[in-house]
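Chain by chain, the residues run as shown.
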Amino acid sequence: MSARAARQHLLADPVLGPVVEQVGAMALKPVKGREPYEALVRAIAHQQVHGKAAEAMLNRLIAHAPHEPFPTPVQVLAMPEGALRACGFSGAKQAAILDIAHKSAAGWVPTRRAAARMSDEALIERLVALRGVGRWTVEMLLIFTLGRPDILPVDDFGVREGYRLAAGLAAQPKPKELAAIGERWAPFRSAASWYLWRAADLNKAGRFRAPAAI
């Protein structure tokens, strides 16, 4: 995705353009080289816990594979019973991680190279079948791991809140409404999502400039 092309396209939008001007240059940079398997395990770790707690659990998991940057699926499956619990993972997280590891070892979870040959929707359809993995989790993987340029996570609170602020609305748009609105941001809907997240962040910090009447 060309950041310059995305910025120019979104600047022309009557609602998003002022946000782009306010936020400035886009700094959306996917994680280089990370495999979908690792991204999914990390996502499970972060579900419903504070970021620092999730990273502590992941660091304990990584310590089980000192010669690898991240434990492989086979290594996770070979861990003794209770090892994941000792890392701090709940029963539900353990079950999800083991399912991801099992299906990665079996080839169901595609490698980064294999994923490059699959469409966004094909990846979503396949990966939401994993335990503990929903559409939003896969959309985050598509944006932040695989660098897909045209993803709009319409169920994301921050994205909908960002649009509410950008459009000067009293209430957030419904997911279906935002999906229809977002058609005009294609093929740069991942960049649009990033700018909407930044609008929500600015508002939390008390620095968002409300738009003039549109």
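Residues numbered from 1 in each chain as written. Predicted model: local features only at pLDDT ≥ 70, side-chain atom pairs only at ≥ 80, totals over all residues. Heavy atoms only, no water.

Tell me about the nonpolar core, and please be specific about residues and values.
Within the largest apolar cluster, 63 residues are counted, with the highest numbers of intra-cluster contacts made by Leu-16, Leu-61 and Trp-185. When residues of this core are assigned to their parent elements, the largest contribution, eight residues, is made by helix H13 (residues 189-204). With sequence-adjacent residues up to four places away left out, Leu-61 is seen in contact with Val-41, Phe-70, Pro-71, Met-79, Leu-84, Cys-87 and Phe-89. (Core = buried A, V, L, I, M, F, W, Y, C linked by side-chain atoms within 4.5 Å. Buried < 20%, exposed > 50% of the residue type's maximum accessible area, 1.4 Å probe, protein only. Helix = DSSP H or I, 4+ residues; strand = E, 2+ residues; numbered from the N terminus. Contact = heavy atoms within 4.5 Å.)

Quick rundown of the UniProt feature "domain: HhH-GPD" (unreviewed entry) in the chain? Include the residues and the values.
Under the local residue numbering, the UniProt record ascribes the feature "domain: HhH-GPD" (unreviewed entry) to residues 45-201. Taken end to end, residues 45-201 has its terminal C-alpha atoms 23 Å apart, with 59% of it in helix and 0% in strand. (UniProt positions renumbered as here; feature names shortened; annotations may be inferred.)

Run through the layout of surface pockets, naming residues and quoting values.
Where empty space is left in the structure can be found by rolling a water-sized probe over the atoms. By volume, the largest pocket amounts to about 510 Å³. Lining the largest pocket are 17 residues, and of these Ala-43, His-46, Trp-136, Met-140 and Phe-144 sit closest to its centre. Counting residues per element, the ones that place at least two in the lining of the largest pocket are helix H3 (36-46) and helix H10 (135-144). By residue class, the composition of the lining of the largest pocket is nine nonpolar, five polar and three charged. Its volume calculated, the second largest pocket comes out at about 260 Å³. (1 Å grid on protein atoms, 1.4 Å probe; cavity = no way out; pocket = protein on both sides within 12 Å on 5 of 7 lines; lining within 4 Å. Points joined across faces, edges and corners; volume = space filled by probe spheres on them. Nonpolar A, V, L, I, M, F, W, Y, C, P; charged D, E, K, R; others polar.)

Tell me about helix H7 (residues 91-105), and please be specific about residues and values.
An α-helical turn contains 3.6 residues, so any two residues separated by three or four positions project in the same direction. End to end, H7 covers 21 Å across 15 residues, agreeing with the expected 21 Å (1.5 Å per residue, within 8%). Looking at H7, one finds that the buried residues are Lys-93, Gln-94, Ala-95, Ala-96, Ile-97, Asp-99, Ile-100, Ala-101 and Ser-104. Looking at the buried residues of H7, the elements they touch are H3, helix H5 (73-77) and helix H6 (83-87). Immediately beyond the C-terminal end of H7, within one or two residues, lies Gly-107, with a positive phi of roughly 90 degrees. (Expected span 1.5 Å × (residues − 1).)

Tell me what's going on with the packing of H3 against H7, and back it up with residues and numbers.
Orientation of H3 relative to H7, taken along the N-to-C sense of each, is 175 degrees, at an axis distance of 10 Å. Comparing the axis directions of H3 and H7 gives the class roughly antiparallel. Residues Tyr-37, Leu-40, Val-41, Ile-44, Ala-45 and His-46 of H3 form the contact with H7, whose own contacting residues are Lys-93, Ala-96, Ile-97, Ile-100, Ala-101 and Ser-104. (Axes fitted to C-alpha atoms, helices over the stretch in contact; angles between N-to-C directions. Parallel < 35°, antiparallel > 145°, perpendicular 65-115°, else oblique.)

Help me get a handle on the packing of aromatic side chains, residues and values and all.
The full count for this structure, using the stated rule, is four aromatic pairs. Ring geometry for Tyr-37 and Phe-70: centres 6.0 Å apart, planes at 75 degrees, overall edge-to-face. In this pair, Tyr-37 is assigned in helix H3 and Phe-70 in the loop between helix H4 (51-62) and H5, connecting sequence segments 33 residues apart. Considered together, Tyr-37 and Phe-70 belong to a single accessibility category, that of buried residues. Ring geometry for Trp-194 against Tyr-195: centres 5.0 Å apart, planes inclined by 85 degrees, an arrangement best described as edge-to-face. On the basis of relative accessibility, which here comes to 8%, the residue Trp-194 falls in the buried class. (Phe/Tyr/Trp six-rings, centres within 6.5 Å; stacked < 30°, edge-to-face > 60°.)

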